[in-house]
Amino acid sequence: MANFFKDNPDIVFNFETMDLAEIARWQEDNFADKGKFDYAPQDEKDAIDNYRRVLEIVGEIAAEYIAPRGEAVDIEGNTLKDCRVTYNKAVKENLAQLSRSDLMGFTLPRRFEGLNMPNLVYTMAVEIVSRADASLMNLFGLQGIAETINAFASEEIKAKYLPPFSRGEVTGAMALTEPDAGSDLQKVQLKAFQDDKGEWRLRGVKRFITNGCGEILLVLARSEENEQGGLGLSLFLCERSKHVIVRHLENKLGIHGSPTCELQFNDAPCLLIGERRRGLITYVMALMNGARIGIAGQSLGIAQAAFEKAREYAHSREQFGVSINRLPAVSELLSEMCVSIEAARALTYETSRVVDILIGMMRKSESAAGDKEAALSFAKDAKQLSRLASLLTPMSKYYSSEMCNQVASSALQVLGGSGYMKDYPVERYFRDARITNIYEGTSQLQVVAAIKGVTSGVAEKRYLELEAGLSKLSKDFDWMEPMLACLKETRRILAEAVNFAKSKAGGYLDLYARDIVDIAIDIFIGYFFLKQATRSERKLSIAKRFISKMIVRSKMKRDLILSGEESSIQAFDEIVGTGVTS
Amino acid sequence: MPYHYVVLAKQVPDTKRVTGNAMKEDGTVNRAALPAIYNPEDLNALELAITLKETYGGRITVITMGPPAAAEILREAYYRGADRCILLTDRRLAASDTLATSFALSEAIRKLGHSDIVLCGRQAIDGDTAQVGPQTAEKLGIDQISYVEAVTDLSKSSFTARRNIGNGFEIVEGPLPVLLTVTASANEPRYASAKRLMKYKKARTQFEVVKAIKDRNPAATDESVKLEAKTIIDELACRGLVIEEWNVDTIGGKAERFGLAGSPTQVVNIESVVLVGREYKQVKEHEGALSELVEELKKEYIIG
């Protein structure tokens, strides 16, 4: 039987070589649930076995049930009639199948009927589902909404709203974007006010809302009339009702199974989540971080699907008397696709791992409230780790989504004319890929989020830790020292570039932030690959290829930065103009 | 009283994954070379039982007759929604043909007491006889409806079902209890439920518990194995994780009707039919050539 988990050796490799026992310890909190729930694990080994088996279920459903329906979903899409969205039949069936298998409360605690799976396993599941149908990820992958409720809402709201999520009876949406507030969410204008009875209500419009037709909406709204910035915003839970109208369903390039809605709130009743004024700065930021890792997972899935088709085609297609995968131009394309998928996977999974430990630490610091010293120590460790998570999360989202676009484009190229036709699914992957580096924060915004950690030393601190860990293994692997030296050299190149960019004024650092972040990501991946290479000969080949190429890339980027080239700032009007004719 | 659905299941070699060594020299299936799976149409029967339970309530008992390893498909039945699972296993049941199998199964079903609907797959992919279901119904003295695609109505005393009759369907009504054989077109069997899997992956038969103890400690005396097994089984039983093991003594019945003794079927000869292309014929490009070809194919009974 086809299975998108079991047939993917690199996911399985990551699963088997990452320290899942540590994750299980943080996630299960001394296995406190084992007497309370018959499906809770008894110990680490049991938990890891559960992770594997659940991924096998996801892999089977994805390969056998969801993937064959992908084309129909893409062609037919969803429909809007009388301000109500009806899911495509296959989308409905896919959701029903996932719900039946208890997969819609993937990370929620067991007391809310969830599976209590760690983020790392969820990210793998998101990838697997996305490979089958990228657009379904936008429903399966919206579980962060329930998680946000779990993290910040009152016990009463949680008890009422979370179990239906776990059962798959409801789906959610995060309603953030507005016509004039896209990347800049501080501009959100949708109004939240209290009626005569003191109940909160929402009035205004939200746009581009993924699954805006869902039953439970998390809405970012301006609750403080006189406060214009982000501090005037709060987060609300709003149930679908006659007061919420889907007034438009977007017609999109890709991910046709995911309904993108324009919503109108007509004094819709709602509930405040957490505290006022923390909507954007605390809750939405947390929500977005989870969602960004989700998009990284989605990107991996689309890229994998595209790569599989390209590899298969290149193997069977003959031109000039050979399979085209033996032609250097094609073999290089395929090699680069394969390596960059595995690079993005290593980065994204490591990010998920860090987030799991971070969440575990924060939970510990809360539950250790009685023991002040322990609570403080956990809180201190968590703070350190949260800086790393805030760096790795945008890096994963940026790198994976750009990789996904590149891989989908290369896959189409490998298929040539056939790839451009609707006869193969590659053109669909290409269209589906294009959203990944836009939504949940564009690549440009991810770079803005990541550059801080690169220039402030968070990255360098982590590099040193990774280097120290690998140095210890160098006596067993004679290739280790020279490889580590290459990475050290790249770090020096990075430092040079950063120092120069910082020394220049007038937006120079912003101009080259992307190149700097690129170098910084490459270094991380270099370390991750080296670690993987200690477990696999194949990964050593990959690490060698990756590191030798990254040094050259990094030097080029540094030389460009050091050149002082800034015509796009200095001579913009001259080169581009405004395009406005008077 | 809530409905009682009894679902029959068989573990079969996965004949879809036939490789080079899938057949033995004598033309019989080399079971060791093929992965053992839940017979596909038995999954359709289980799925129908689960949807009936979801709609009308009740409980589901799954029975399989087979070697100790067949416990694996009972765990799979648990993952999907079975309430109780029974492994009918006994060396005395080995080499049963359809007659002896249906006799053993009917005795086991009788032993369960009241049942409303017995469901099984239309046929198993290893033998393809489609006889065990109907024969079981005969021995139980209840009605049988074969090729069922759906149960459209169910009440305390009667059912309505849709059966596939090849070129269409018919709607049949009848009294309970009844035995239904279910076709692949009936439904799409669900996948395992994650929660049920995490719970029931620990379900074990007595045989498996004993084997695990012996594997762990080959030097253990029979007495100590027995003692330890009892402790483990008791603990599993508290959590509802024991797969019941029945044998010939549990179900009763005359010894000569079980296993080889109760199997009159004899395989006289197995012919391996290999279809190969030998010649080809070019159809001329003129009107009527195609209809001539069709006529010829009809005459040869290739189409019709």
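Because the structure is predicted, anything quoted here is derived from the model rather than measured.

Caption draft 1: Region of the structure containing the overall build of chain A. Looking only at helices and strands, chain A features 21 helices and eleven strands. Its C-alpha atoms give chain A a radius of gyration of 24 Å, near enough to 25 Å, the size a compact globule of 582 residues would have. When its C-alpha atoms are laid out on the principal axes, chain A stretches across 70 × 70 × 55 Å. Burial analysis of chain A (582 residues in total) assigns 49% to the buried set. Contacts in chain A between residues at least 24 apart in sequence constitute 75% of all its contacts with a sequence separation of at least 6.

Caption draft 2: Representation of the packing of helix α10 (residues 279-316) of chain A against helix α12 (residues 372-415) of chain A in the model. All names here are of chain A. As a packed pair, α10 and α12 sit with axes 8 Å apart at the nearest point and diverge in direction by 20 degrees. It follows from the interaxial angle that α10 and α12 lie roughly parallel. Of the two possible hands of crossing, α10 and α12 adopt the one that is left-handed. In the contact of α10 with α12, the residues fall into 19 nonpolar, six polar and three charged.

Caption draft 3: Region of interest: unusual backbone geometry. All names here are of chain B. Each neighbour pair has its own omega, and for L176 with P177 the value is -5 degrees, a cis peptide bond. Mapping P177 onto the fold places it in the loop between β9 (169-175) and β10 (178-182). Even without being a glycine, A95 presents a positive backbone phi close to 65 degrees. Note that A95 resides in the loop between β5 (84-88) and α3 (98-111). Classification of A95 as partly exposed rests on a count of 14 C-beta atoms within 10 Å.

Caption draft 4: Inspection of the confidence of the model for chain B at higher detail. Averaged over every residue, the pLDDT of chain B is 90; the share at 70 or more is 97%. This complex was scored by the predictor with a pTM of 0.92 and an ipTM of 0.92.

Caption draft 5: Summary view of the domain arrangement of chain A. By the assigned domains, chain A splits into domain 1 (172-280) and domain 2 (458-564). For domain 1 of chain A and domain 2 of chain A, the distance between their C-alpha centroids amounts to 41 Å.

Caption draft 6: Local environment of the interface of chain A and chain B. Every contact between the two is made by 14 residues of chain A and, on the other side, eleven residues of chain B. Those elements that provide at least two residues to the side of chain A that touches chain B are α3 (44-66) and α5 (89-100) of chain A. Looking at the side of chain A that touches chain B element by element, the count peaks at six residues for α3(A). For the side of chain A that touches chain B, a count of residues per class yields six nonpolar, three polar and five charged.

Caption draft 7: View of the nonpolar core. Counting residues in hydrophobic clusters, the biggest one holds 243 residues, and the most contacted among them are A411(A) and V7(B). Ranked by residue count, the leading element in this core is α10(A), at 18 residues. Per-domain counts for this core show at least three residues from each of domain 1 (172-280) and domain 2 (458-564) of chain A.

Caption draft 8: Broad picture of the environment of L562(A). Position of L562(A) among the secondary structure elements: in helix α19 (residues 537-563). Each C-alpha atom, one on L562(A) and one on E496(A), is 8.4 Å from the other, the two residues being 66 residues apart in sequence.

Cut-off values and rules
Residues numbered from 1 in each chain as written. Chains lettered and ligands numbered in written order. Predicted model: local features only at pLDDT ≥ 70, side-chain atom pairs only at ≥ 80, totals over all residues. Helix = DSSP H or I, 4+ residues; strand = E, 2+ residues; numbered from the N terminus. Rg over C-alpha atoms; globule rule 2.2 N^0.38 Å. Buried ≥ 20, exposed ≤ 12 C-beta atoms within 10 Å, placed from the backbone. Contact = placed C-beta atoms within 7 Å. Axes fitted to C-alpha atoms, helices over the stretch in contact; angles between N-to-C directions. Parallel < 35°, antiparallel > 145°, perpendicular 65-115°, else oblique. Left-handed = near helix turned anticlockwise from the far one by under 90°. Nonpolar A, V, L, I, M, F, W, Y, C, P; charged D, E, K, R; others polar. pLDDT = per-residue confidence, 0-100. Domains from an automatic or database assignment. Core = buried A, V, L, I, M, F, W, Y, C linked by C-beta atoms within 7 Å.

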